[in-house]
Amino acid sequence: MNYYKTKIGNGNIAVDDTILVKDAEAAAGSKMLTGFKPLFSAEAVTRLENKGYQIAGKTNVGEFGLDLLGEFSYGAEADGVLKGAAAEAVANGEVKAALAVDMNGSARRAAAVSGVDFLKPTYGTVSRYGVISCAASGEQIGVYAKNANGIKDIMDVIAGHDEKDGTSLRNESYDYSFTAVSGKKVAIIKELSEKADAETKARINAFADSLRASGVTVEEISFDVFDTANTAWQILMTAETCNNISRYDGVKFGHRAKEYKNIDELYVNSRTEGFNFLTKAVIMYGSDVLSKNRYEACYDKSLKVRRVLAEKFEELIKQYDAILTPASSKTAYEAYNIHEAFGKVFNESAFTALANLIGIPALVCSGVQLMGKHFSEGLLLGLADAVERKGE
Amino acid sequence: MNYELVIGLETHVELSTESKIFCSCGGHSAAKEPNDCVCPACSGMPGMLPVMNKHVVELAVTAGLMLNCDINRYTTFDKKNYYYPDLPCAYQITQLNHPICTNGCVTLKTSAGTRDIRIKQIHMEEDAGKLVHGGKYSYVDFNRTSVPLIEIVTQPDFRSAEEVVTYLNKLKSMFRSGGISECEEGAMRCDVNISVRPEGSEEFGVRTEIKNMSSFEAIEKAIRYEAQRHIDALEFETEELVQETRRFDDASGKTFAMRNKETEADYRYFPDANLMPIIIDDEWLEEIKANKPAAVDEKAENYRLAGISDKEIDMLISNHKISKLLDDIVAMGVNAKDGASWILTDCAGILRKDGKTLNDLVITAEKLYAVIKMVDNGDINRNAGKKILIAVVEQDVDPVAFCKEQGLDKKFDVSAIEAVIDKAIAENPQSVADYKSGKVKAIQALFGACMKELKGAGDPAVIKTLLEEKLK
């Protein structure tokens, strides 16, 4: 598999193509940004470099991270069985770890199908400075590594306050030491397990058994918020993405159409040629939910849903320390036609959207997903570590 | 039938901050060439995030306090979407749902008497860039992009063009004296909402909006033209009025339709997730209040009580730098009326010789005070003081050292003056003889000789007295 959109050096860290590395072409998987070379590196990249890590290259991503796993990356469209480039680079030992932006679940799905770990940390813990931003209110840089220890090593470096990002939390540093797991309570979510295929359910059960063997109580419960969370997040995500990528207009950098008679044609032709079908669908959906007549029923309502679900989750997490769910409906995906992409991604995001919507941490490990309250990364990594060490 | 004019105003004012609203680029007044003051953030490059400039919040709150507004302790930013090449992100960051100030009021004095104009809200936003059209191409200049603005929105409370201009002049002098904005050409821009209705009617007529005017003269002309157009339409059915946006053409003095309600863009406003809500707590608000300059009316009244003339008060009120200089030297102990004269007459006179104005004045309050103090203490006379002032204004010398160096203080020494007088008497025997023979006017020649010798530095009264004594 060709991991890289842009190869940089013989480093031990890969960075997905939505995260900037100074002077390295960054296109976020889109024709629209062809040839764009950033003047600065993302804060997370700078922090790693300052600690002696070296960047190996920019891994292919689906256009603006909107697809399932990265299958619709301009110039590197996938066929056959789908895999995420950054996840595979880690799985195959090409690099020790990789950074990726978790915006609509593609990084978590890629980790699940490649069998590596991926942590989407609590919103605001890792600076978004230098991320080609789409959905600012829920996107976050996360880390792929082979195991919980590998993730901890990277998080220790990249997490912390950055004054260049107004949404960065004020904490100077975070503690990612593994919490002892014995006596903890984990809930399996019935509604999400039911959405998954038999193989995925088997993974959930195996993971649960392994946790039990470490003294964790695991029980199945009903917590029927995930479809609502997904609808709300798709509304917010498409609206914010539509807005944030409207700056790619062919005027300043990136792709510009050859044929145009006036400024309107320059915009329309450049964007028609530059974006793929999925991105266009997101733009249409996002524009619609922000329009005057629909704003209150769609966008404003989604903001309310975000608050209500954050409270509901807080209630649940008083009784359980974490929840255990699938990260995807199945363990492998086949290539498909881009015209089906919007619906497919929507359905799969039911597993991932809540974490983006309310900013909680989510950890994919052994093909399943753990979620906990804000700043509970130490516990999630501890649970993953307990299972991983059993498997060794 | 008699008609009543109903006008509401949206005024954009560029704030006097050192840097732009969401990045550390200098304001566009610092720019010499196009695209001088531009960084990845204000040119909309991917990966950059807006970071709020605290001073913008403070100036907006100060403006709100001056206009008697409620200061909203929770304030947020929204994005307004539209495509234009001078708008690098294709959205403008502004405030829709939670503006920083609401419910203000400003009192106007016009020929019609005293009127209160209600302020609906003040919000913060970023400016757009500028397009320059030339030949085959159009060019984009991002120097002005993200320069901070406040927009002051009034209720439809104006009833004449005169009231509008009075209001704008009042805002201008308030903002200048408050250090909020220099209000230079183009830094204050207005959208005028206008309708007419039969006198006594409570209902509003069809409203049109005239966009983006910066000269007060043009605003007045546009209002008069547009009001007459509305009245003609109602009275003589010359045309059907529709709610629309219009522009004013200065050359013809007419307004022209730009777009109507149906074709108006949907700006799809929504909250900006990159900027956290700003919370203004009691401590911060008190700090801003403490730093707020005295209200214009109050300040003018204080100057008036100190005996400063109305003309001088106008000059002071409209120039924050100058009134601050005066306030500073007054705080050091200078008499206000005297200080005003030193600045507005003497300093201005020195600058005028070089074709400059008080805006170009560079002098610290400490140096100006040192000059005035030497004169007030009687160490030197006012002429010598002026000489020192010229050197301070033109070459920024140290006034006390300069005075010593030039020997200006010695000229006040009686024995030194007596020596000069003796010399003049010895060198002008004819004048002495004339004086002694009764031609009193002959003393002028001797006096002139003394002044020449003293290079104009001696006290004329002292010289005259001593001279008369010597000639007895």
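For the structure itself, consult the block above.
Conventions and cut-offs
Residues numbered from 1 in each chain as written. Chains lettered and ligands numbered in written order. Predicted model: local features only at pLDDT ≥ 70, side-chain atom pairs only at ≥ 80, totals over all residues. Heavy atoms only, no water. Helix = DSSP H or I, 4+ residues; strand = E, 2+ residues; numbered from the N terminus. Rg over C-alpha atoms; globule rule 2.2 N^0.38 Å. Buried < 20%, exposed > 50% of the residue type's maximum accessible area, 1.4 Å probe, protein only. Areas by Shrake-Rupley, 256 points an atom, 1.4 Å probe, with all protein chains shown as cover. Lys, Arg positive; Asp, Glu negative; His and termini not counted. Charge placed at Lys NZ, Arg CZ, Asp CG, Glu CD. Disulfide = S-S within 2.5 Å. 1 Å grid on protein atoms, 1.4 Å probe; cavity = no way out; pocket = protein on both sides within 12 Å on 5 of 7 lines; lining within 4 Å. Points joined across faces, edges and corners; volume = space filled by probe spheres on them. Nonpolar A, V, L, I, M, F, W, Y, C, P; charged D, E, K, R; others polar. Polar contact = N/O pair within 3.5 Å; in protein donor to acceptor, adjacent residues only side chain to side chain. Contact = heavy atoms within 4.5 Å. Buried area = accessible area lost by both parts, 1.4 Å probe. Salt bridge = Lys/Arg side-chain N within 4 Å of Asp/Glu carboxyl O. Pairing = 2+ DSSP bridges. Axes fitted to C-alpha atoms, helices over the stretch in contact; angles between N-to-C directions. Parallel < 35°, antiparallel > 145°, perpendicular 65-115°, else oblique. Left-handed = near helix turned anticlockwise from the far one by under 90°. Core = buried A, V, L, I, M, F, W, Y, C linked by side-chain atoms within 4.5 Å. Patch = residues over 30% accessible without salt bridge, like charges linked within 9 Å, V, L, I, M, F, W, Y side chains within 5 Å.

A closer look at the overall build of chain B
- On a plain count of helices and strands, chain B comes out with 15 helices and 16 strands.
- Whereas a compact globule of 472 residues would reach a radius of gyration of roughly 23 Å, chain B reaches 30 Å, over 25% beyond that.
- Judged by the C-alpha coordinates and their principal axes, chain B covers about 100 × 60 × 55 Å.
- Here chain B holds 472 residues, and 49% of them are scored as buried.
- Entry remark: accessible area of chain B is about 22,800 Å², with carbon and sulfur atoms responsible for 49%.
- Each charge class in chain B was averaged separately, 58 positive and 76 negative side chains, and the resulting centres sit 6 Å apart.

A short note on the state of the cysteines
All names here are of chain B.
- A full pass over the atoms with the stated rule returns zero disulfides over all chains.
- Free of any disulfide, Cys37 has its nearest cysteine sulfur in Cys25, 6.4 Å distant.
- As a non-bridged cysteine, Cys42 has Cys25 as the owner of its nearest cysteine sulfur, 3.7 Å distant.
- Take Cys42: its relative accessible area is 1%, and that puts it in the buried class.

Thoughts on the layout of surface pockets
- One number sums up the size of the second largest pocket: a volume of about 1,400 Å³.
- For the second largest pocket, the lining is made up of 48 residues, of which B:Asp272, B:Ala273, B:Leu275, B:Met276 and B:Pro277 are closest to its centre.
- Looking at the lining of the second largest pocket, the elements that each hand over two or more residues are helix 10 (296-319) and helix 12 (353-358) of chain A together with helix 1 (54-66) and strand 16 (278-279) of chain B.
- Ranked by the residues each element gives to the lining of the second largest pocket, the list is headed by helix 10 of chain A, at seven residues.
- By residue class, the composition of the lining of the second largest pocket is 23 nonpolar, 13 polar and twelve charged.

What to know about the side chain of A:Ser168
Residue and element names in this part refer to chain A.
- In this fold, Ser168 is placed in the loop between helix 4 (148-158) and strand 7 (185-189).
- In terms of polar contacts, Ser168 uses its side chain to reach the side chain of His161, at 3.3 Å.
- If we ignore the near neighbours within four places in the chain, the residues touching Ser168 are Gly124, Gly160, His161 and Asp162.

Let's talk about the interface of chain A and chain B
- The partner chain B presents 28 residues to the 38 residues of chain A that form the contact.
- Buried surface at the junction of chain A and chain B, both sides included, amounts to about 2,700 Å², of which 62% is carbon and sulfur.
- In this structure, the connection of chain A to chain B is made through zero salt bridges.
- Our count for the contact surface shared by chain A and chain B stands at twelve residue pairs in polar contact (both at pLDDT 80 or more).
- Contributing elements (two or more residues each) for the side of chain A that touches chain B: helix 7 (226-244), helix 8 (263-274), helix 9 (277-290) and helix 10 of chain A.
- With five residues, the single largest contributor to the side of chain A that touches chain B is helix 7 of chain A.
- Of the residues contributing to the side of chain A that touches chain B, the split by class is 19 nonpolar, nine polar and ten charged.

Side note on the sheet that holds strand 11 (residues 368-371) of chain A
All names here are of chain A.
- In space, the eleven strands of this open sheet follow the order 1-3-2-4-6-5-10-11-9-7-8, with mixed pairing throughout. At either end of the open sheet lies a strand with only one pairing partner, and these are strand 1 (4-7) and strand 8 (217-221). On average, each strand axis in the sheet is tilted by 25° relative to the strand beside it, whichever way the strands run.
- Against the sheet, helix 6 (residues 198-213) makes contact with strand 7, strand 8, strand 9 (322-326), strand 10 (362-365) and strand 11, and its axis sits at roughly 150° relative to strand 9, the strand it touches most.

Considering the pattern of salt bridges
Residue and element names in this part refer to chain B.
- One pass over the full model with this rule turns up 40 salt bridges over all chains.
- Residue Lys289 pairs with Glu286 through a salt bridge whose shortest N-O separation is 4.0 Å. Remark: Glu286 and Lys289 occur in helix 4 (residues 282-291); sequence separation between them is three residues, near one turn of the helix.
- Look at the salt bridges and you will find they share partners, linking Glu226, Arg229, Glu239, Glu244 and Arg246 into a network.

Focus on the packing of helix 7 of chain A against helix 10 of chain A
Residue and element names in this part refer to chain A.
- Two elements in contact, helix 7 and helix 10, have axes whose closest approach is 9 Å; the angle formed by their N-to-C orientations is 130°. When the axes of helix 7 and helix 10 are compared, the pair comes out oblique. Judged by the sense of rotation from one axis to the other, the crossing of helix 7 with helix 10 is left-handed. Judged by residue contacts, Thr228, Ala229, Ala232, Trp233, Ile235, Leu236, Ala239 and Glu240 of helix 7 engage Cys298, Tyr299, Ser302, Leu303, Val305, Arg306 and Leu309 from helix 10.
- Of the residues belonging to the contact of helix 7 with helix 10, the class tally is eleven nonpolar, two polar and two charged.

Some remarks on empty space enclosed by the protein
- For the coordinates displayed, the defined rule picks out three cavities of 30 Å³ or more.
- Quantified by volume, the largest cavity comes out at close to 310 Å³.
- A:Arg247, B:Ala41, B:Gly44, B:Cys89 and B:Tyr91 are the residues nearest the centre of the largest cavity, which is lined by 27 residues in total.
- Of the residues in the lining of the largest cavity, the class split is 16 nonpolar, seven polar and four charged.
- Counted as a void, the second largest cavity has a volume near 200 Å³.
- The wall of the second largest cavity is formed by 23 residues, among which A:Asp16, A:Val61, A:Gly65, A:Val101 and A:Ser106 lie closest to the centre.
- With three residues, helix 3 (residues 106-114) of chain A is the single largest residue contributor to the lining of the second largest cavity.

Re the nonpolar core
- Counting residues in hydrophobic clusters, the biggest one holds 143 residues, and the most contacted among them are A:Phe64, A:Leu99, A:Tyr144 and A:Ile158.
- With nine residues, helix 7 of chain A is the single largest residue contributor to this core.
- Those residues in contact with A:Leu99, other than ones at most four positions away along the chain, are A:Ala14, A:Val15, A:Asp16, A:Ile19, A:Ala44, A:Val45, A:Leu48, A:Ile141, A:Gly142, A:Val143, A:Ile154 and A:Ile158.
- B:Leu59, B:Leu67, B:Ile119 and B:Ile210 belong to the second largest nonpolar core, which has 63 residues in total.

Some words on the sheet that holds strand 1 (residues 3-14) of chain B
All names here are of chain B.
- The strand order across the open sheet built from nine strands is 2-6-7-10-1-11-12-13-14, with neighbouring strands paired in mixed fashion. In the strand order of this sheet, the two ends are held by strand 2 (70-71) and strand 14 (254-260), each with one partner.
- Pairing analysis gives seven bridges linking strand 7 (residues 113-126) to strand 10 (residues 148-154), with the strands arranged antiparallel. The residue of strand 10 that forms the bridge with Ile119 is Thr154.
- Relative to strand 7, helix 1 is tilted by about 165°, and along the sheet it contacts strand 2, strand 6 (101-110), strand 7 and strand 10.
- Against the sheet, helix 3 (residues 216-236) makes contact with strand 1, strand 11 (188-198), strand 12 (208-213), strand 13 (244-249) and strand 14, and its axis sits at roughly 25° relative to strand 11, the strand it touches most.

Considerations on helix 3 of chain A
- Extensive coverage of helix 3 of chain A is indicated by the burial of nine of its nine residues.
- For helix 3 of chain A, the set of buried residues is A:Ser106, A:Ala107, A:Arg108, A:Arg109, A:Ala110, A:Ala111, A:Ala112, A:Val113 and A:Ser114.

As for the packing of helix 12 (residues 414-427) of chain B against helix 14 (residues 443-453) of chain B
Residues and elements named next belong to chain B.
- One can describe the packing of helix 12 onto helix 14 by two numbers: an axis separation of 9 Å at closest approach and a directional angle of 130°. Relative to helix 14, the element helix 12 is oriented oblique. Seen along the crossing, helix 12 lies across helix 14 with a hand that is right-handed. Where helix 12 approaches helix 14, its residues Val420, Ile421, Lys423, Ala424 and Ile425 are matched on the opposing element by Leu446, Ala449, Cys450 and Glu453.
- Its residues placed into classes, the contact of helix 12 with helix 14 shows seven nonpolar, no polar and two charged.

Some words on a nonpolar patch on the surface
Residue and element names in this part refer to chain B.
- Among the surface-exposed residues, Val132, Tyr137 and Tyr139 lie close enough to one another that they form a single nonpolar patch of about 320 Å² accessible area.
- Inspection of the secondary structure puts Tyr139 in strand 9 (residues 137-141).
- For Tyr139, a relative accessible area of 46% translates into the label partly exposed.

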